[in-house]
Amino acid sequence: QVQLVESGGGLVQPGGSLTLSCAASGNIFSIFAMGWYRQAPGNERELVATITSGGITHSADSVKGRFSISRDNAKNTVYLQMNSLVPEDPAVYYCYANILERRRIRPSDYWGQGTQVTVSP
């Protein structure tokens, strides 16, 4: 069993900042890609940013220059630093990880439970 636990969501004013964290735990042998997706009401889940185990990052155009993804491999944790938040950013943010469990031969995708980010004056 593998769990992804997110933290750091909340309410912030436009232009403000938040940092999301997501820690993976459980029967982990190796973690490959990690990332963040978001889903606003009425919209499909969309990619925000991803990061490989080697630190190569990719971000959606809508967040480039404002959001930064990083990870601590020793802690099995991925972070999303969100700056200059705008009214288009509110959503439930989901952590994602591609994890190979011990005694398995293929990795699987895992998701966190989601954390709400609200941007309001």
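Details of the structure are given in the entry above.
Since this is a predicted model, take the numbers as computed values, not measurements.

Moving on to the overall build of the protein chain. Of the regular secondary structure elements, the protein chain holds zero helices and eleven strands. Helices and strands appear in the protein chain in the N-to-C order β-β-β-β-β-β-β-β-β-β-β. Relative to the globule expectation of 14 Å for 121 residues, the C-alpha radius of gyration of the protein chain, 14 Å, shows essentially globular dimensions. For the C-alpha atoms alone, the extent of the protein chain along its principal axes is close to 50 × 25 × 25 Å. In the protein chain, once contacts between residues fewer than 6 apart in sequence are set aside, the share between residues at least 24 apart is 56%. As displayed, the protein chain has an accessible area near 6500 Å², and 49% of this comes from carbon and sulfur atoms.

For the rest of this paragraph, the subject is the packing of aromatic side chains. Evaluation of the coordinates by the stated rule reveals three aromatic pairs. Between the aromatic rings of Tyr 37 and Tyr 96, the centroid separation amounts to 6.0 Å while the plane-to-plane angle is 70°, which identifies the pairing as edge-to-face. Of the two residues, Tyr 37 is situated in strand β4 (residues 28-39) and Tyr 96 in strand β9 (residues 91-101); the sequence distance between them amounts to 59 residues. Among the residues examined, Tyr 37 registers a relative accessible area of 21% and is labelled partly exposed.

Basis of the calculations
- Residues numbered from 1 in each chain as written.
- Predicted model: local features only at pLDDT ≥ 70, side-chain atom pairs only at ≥ 80, totals over all residues.
- Heavy atoms only, no water.
- Helix = DSSP H or I, 4+ residues; strand = E, 2+ residues; numbered from the N terminus.
- Rg over C-alpha atoms; globule rule 2.2 N^0.38 Å.
- Contact = heavy atoms within 4.5 Å.
- Areas by Shrake-Rupley, 256 points an atom, 1.4 Å probe, with all protein chains shown as cover.
- Phe/Tyr/Trp six-rings, centres within 6.5 Å; stacked < 30°, edge-to-face > 60°.
- Buried < 20%, exposed > 50% of the residue type's maximum accessible area, 1.4 Å probe, protein only.

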